[in-house]
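# Report on the structure
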Amino acid sequence: MYFGYPIEATTGNWFHECMTEVIITINTLRKAGQVIPEWPEIIPEHYRASLYTRTGLKDRLKVYRESLEGLSNVDLDHISNAMIMQNEISRLLSGECNCESIDELPISVRGPIIDLFTFGFKLLTDLGIRDSQYQLIYERTPYHVCPFCGCEYFDAPKGPREALDHYLVESKYPFAAANLKNLVPMGNKCNSRYKLAQDILYDNEGHRRHSSYPYNIVNGVQISLLRSEPFEGTSSLFPLPRWQVDFEPASEEVSTWDTVFHIEERLKRDVLDSDFMSWLGEFSVWCRDSVARPISQERISEALLRYSDSMKENGIKDRAFLKAAVFLMLHNYYQQGNQRLIDLVNGVVIGRM
Ligand SMILES: [Zn+2]
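Described in the following lines is the structure provided in the data block. Computed from a predicted model, the values in this text were never measured in an experiment. (Residues numbered from 1 in each chain as written. Predicted model: local features only at pLDDT ≥ 70, side-chain atom pairs only at ≥ 80, totals over all residues. Heavy atoms only, no water.)

## Some points on the packing of helix α11 (residues 297-313) against helix α12 (residues 320-335)
Following both chains from N to C, one finds α11 and α12 inclined at 155°, their axes separated by 7 Å at the closest point. Here α11 is positioned roughly antiparallel relative to α12, judged by the angle of their axes. As for the relative orientation of α11 and α12, their crossing is left-handed in sense. Two secondary-structure elements touch here, α11 through Gln297, Ile300, Ser301, Leu304, Leu305, Tyr307, Ser308, Met311 and Lys312 and α12 through Ala320, Phe321, Lys323, Ala324, Phe327, Leu328, Leu330, His331, Tyr334 and Gln335. Residue composition of the contact of α11 with α12, by class: 12 nonpolar, five polar and two charged. (Axes fitted to C-alpha atoms, helices over the stretch in contact; angles between N-to-C directions. Helix = DSSP H or I, 4+ residues; strand = E, 2+ residues; numbered from the N terminus. Parallel < 35°, antiparallel > 145°, perpendicular 65-115°, else oblique. Left-handed = near helix turned anticlockwise from the far one by under 90°. Contact = heavy atoms within 4.5 Å. Nonpolar A, V, L, I, M, F, W, Y, C, P; charged D, E, K, R; others polar.)

See the structure below:
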């Protein structure tokens with residue numbers, strides 16, 4: 001990810017905490033052979049006023065209770081433990097611990113658990129929790145852009161809702177379906193075209209993998225294009241470079257992000273190849289006011305570097321971080337005396353002046 005979300009966006013997690021408390025209570029009382037309170041008494045008192053009218057929740061809790069029929073105390077502990085571990089989101093992503101998926105629990109409870117927690121996720125909207133989380137993220141993050149691709153813009157709160165991704169997919173880890181620590185606003189393309197139902201914890205071959213935790217990212221990923229090769233691209237129409245995208249840091253977490261969201265592929269196809277020529281045009285317009293006359297090779301070289309620096313200052317906004325990487329690469333080749341590249345840049349700059 002290019003930047004993370006504020007951890008404060010996960011603090012309004014009372015509904016998830018209530019749900020897990022109810023499940024633990026049901027499992028514990030059943031193990032002890034004690035009477036399980038009926039609705040709404042089964043809801044902890046401090047949450048009851050907010051939830052007692054939610055009959056959909058009542059019905060699904062009843063189905064869950066009935067699905068425990070015939071299970072042993074070992075089975076009940078198994079369910080409780082799976083629920084606790086599925087919600088160790090940051091530790092699961094970093095590889096510090098593991099959890100069981102729903103497929104490893106007794107068959108009778110699988111459907112009821114998925115139905116209960118999927119319904120719980122939908123209730124986050126009705127309870128205002130989802131919108132509060134999004135509003136806080138929107139207000140506290142420096143860019144109103146999807147941090148997974150750096151390109152999709154986020155609409156303001158109160159507009160049509162952006163996608164809210166289950167980072168640990170709900171079909172396998174349903175106990176985390178309503179946990180704000182597992183829910184991350186995401187651009188619709190990243191969510192619906194790329195991440196889909198991929199398991200962030202395991203790759204397609206079933207190997208365990210590590211990922212960054214979106215609510216605890218200190219330094220976002222940096223992009224370097226310095227190893228790209230000018231004029232070696234595949235377009236017959238435009239003098240495109242063959243792009244070499246290097247991520248910094250080159251960590252396993254970054255590799256997972258690239259794999260899950262197809263970052264490199266999308267950058268090359270949808271941004272770098274598509275926008276390279278228009279970015280050169282923008283640079284030439286900028287040069288009209290910025291390059292002192294008489295125009296010399298030395299001044300154009302300086303201008304490439306200054307343009308890259310000024311783009312870098314704009315960060316993620318308007319893909320400026322990618323423009324910064326492109327123009328730093330061009331500056332390097334220009335300074336090294338790559339004559340074909342010098343001719344291209346000079347033609348663009350001087351031709352417009
Ligand atoms: Zn995105």
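## Quick word on the coordination of the zinc ion
The protein atoms that coordinate the zinc ion are Cys146 (SG), Cys149 (SG), Glu152 (OE) and Cys190 (SG), at distances of 2.2 to 2.4 Å. Every donor counted, the four donor atoms about the zinc ion form angles of 98 to 126° at the centre, which fits tetrahedral coordination. Counting residues between consecutive donors of the zinc ion along the chain gives the motif C-x2-C-x2-E-x37-C. Classification of Glu152 by relative accessible area gives buried; the value is 12%. (Donors = N, O, S within 2.8 Å, 3.2 Å for Na, K, Ca; no water. Tetrahedral: all angles 85-135°; square planar, octahedral: opposite > 155°, others 65-115°. Buried < 20%, exposed > 50% of the residue type's maximum accessible area, 1.4 Å probe, protein only.)

## Observations concerning the pattern of salt bridges
A full pass over the atoms with the stated rule returns 19 salt bridges. Salt-bridge contacts for Arg30 lead to Glu69; the nearest nitrogen and oxygen are separated by 3.5 Å. In this pair, Arg30 sits in helix α1 (residues 14-31) while Glu69 sits in the loop between α3 (55-67) and α4 (73-86), placing the two residues 39 residues apart along the sequence. Of the residues examined, Arg30 reaches a relative accessible area of 27% and is grouped as partly exposed. Overall, Glu69 belongs to the exposed group, its relative accessible area being 58%. Between Arg227 and Asp246 there is a salt bridge whose closest N-O contact spans 2.9 Å. Note that Arg227 is positioned in the loop between β3 (222-224) and β4 (246-248) and Asp246 in strand β4, a separation of 19 residues in sequence. What makes Arg227 exposed here is its relative accessible area of 54%. (Salt bridge = Lys/Arg side-chain N within 4 Å of Asp/Glu carboxyl O.)

By themselves these figures say nothing about function.
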